[in-house]
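The lines below spell out each chain.
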Amino acid sequence: MKIFLDTANLDELRKGADWGIVDGVTTNPSLIAKEGRPLEEQVREICRIVDGDISAEVVATESAAMIREGRELARIHKNIVVKAPLTREGIKATAALSGEGIRVNVTLCFSPSQALLAAKAGAYIVSPFVGRLDDVSTNGMELIRQILTIYKNYGYPTQVLAASLRHPMHVVDAALAGAHIGTMPFKVLDQLFNHPLTDKGLDAFLKDWAKVFQETGAVR
Ligand code: G3P
């Protein structure tokens, strides 16, 4: 599973990129607004930090304007994937942009029927929101499984990006389901490292080592 960071914060992206395990970035209007810089400027910086697919979302709601915005976003950098919402206008824009060879991430997907439409429109990525479905007492991970089955049935090449992942078990379950990509906040990526037995084991290894090779002055 590819790991994407779901943030527009440059410090978080630098830290994640330093670990060498970040394959891409997803942003949305809320995340860009949080950083307080114009979208184009922020996205350019992000492209300098992470060499992978970088999703940048249109804010227009009518297809002609979405298409114009999508073309502009795609011109910023070769790694930009244009993000469009799963509305009627968004799907129309997705079909048009995909027809021009512009890669589109169809976002705000909450049902398998919506995901089918995204694939039909030629989306490069579809983003089902797991956590937000869990928030309304619906099994978000089940949606990931359903979409993967539908896409497999017909050989759709659209990648399934599990979004709105809120904790490590969401990441594990997305990987078990076979999601192509999981996008997560920096905090969740950081949590994936943690295991008390790793800390305990390393502590013991280093103490044993120090006892023989440092305290006695012996050289290994
Ligand atoms: O990638 C979509 C993500 O930003 C939504 O996450 O936690 O706001 O539902 P959340």
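Residues numbered from 1 in each chain as written. Predicted model: local features only at pLDDT ≥ 70, side-chain atom pairs only at ≥ 80, totals over all residues. Heavy atoms only, no water.

Attention now goes to helix α4 (residues 63-76). Over its 14 residues, α4 runs 20 Å from end to end, which matches the ideal 20 Å to within 8%, given 1.5 Å per residue. What α4 keeps buried is the set Ser63, Ala65, Met66, Ile67, Gly70, Leu73 and Ile76. Those residues of α4 hidden inside the fold are in contact with α3 (39-49), β3 (53-57), β4 (80-85) and α5 (88-99). At the N-terminal end of α4, a side-chain oxygen is found 3.1 Å from the backbone nitrogen of Ala64, two or three residues along, and the residue is Glu62. (Helix = DSSP H or I, 4+ residues; strand = E, 2+ residues; numbered from the N terminus. Expected span 1.5 Å × (residues − 1). Buried < 20%, exposed > 50% of the residue type's maximum accessible area, 1.4 Å probe, protein only. Contact = heavy atoms within 4.5 Å. Polar contact = N/O pair within 3.5 Å; in protein donor to acceptor, adjacent residues only side chain to side chain.)

What follows deals with the sheet that holds strand β6 (residues 125-128). If you trace the eight strands once around the closed barrel, you get β1-β2-β3-β4-β5-β6-β7-β8, paired in parallel fashion. Averaged over all neighbouring strand pairs, the angle between strand axes comes to 30°, with direction disregarded. The sheet contact formed by β3 and β4 spans four bridges and is parallel. Paired with Ser55 across the strands is Val81, a residue of β4. The strands touched by α3 within the sheet are β2 (24-26), β3 and β4, with β3 carrying the most contacts at an inclination of about 170°. (Pairing = 2+ DSSP bridges. Axes fitted to C-alpha atoms, helices over the stretch in contact; angles between N-to-C directions.)

Every residue near the ligand is listed here: Asp6, Asn28, Phe129, Arg132, Ala163, Ser164, Arg166 and Thr183. Here an oxygen atom of the ligand and a side-chain polar atom of Asn28 are 3.2 Å apart. A distance of 2.7 Å is found between an oxygen atom of the ligand and a side-chain nitrogen or oxygen belonging to Ser164. Looking at the shell around the ligand, its residues break down into two nonpolar, three polar and three charged. (Near = heavy atom within 4 Å. Nonpolar A, V, L, I, M, F, W, Y, C, P; charged D, E, K, R; others polar.)

The biggest cluster of nonpolar side chains holds 57 residues, and the ones touching the most others in it are Ile80, Ala118, Val126, Ile144, Ile147 and Tyr151. Contacts of Ala118, omitting those with residues within four sequence positions, involve Leu86, Ile91, Val106, Ala123, Val126 and Tyr151. Within the second largest apolar cluster, six residues are counted, among which are Phe4, Ile125, Phe129 and Ala163. (Core = buried A, V, L, I, M, F, W, Y, C linked by side-chain atoms within 4.5 Å.)

A complete count under the given rule lists eleven salt bridges for this structure. Between Glu142 and Arg145 there is a salt bridge, with the nearest N and O atoms lying 3.0 Å from each other. Residue Glu142 and its partner Arg145 are both found in helix α8 (residues 140-154); the two are separated by three residues, about one turn of the helix. With relative accessibility at 32%, the residue Glu142 sits in the partly exposed group. (Salt bridge = Lys/Arg side-chain N within 4 Å of Asp/Glu carboxyl O.)

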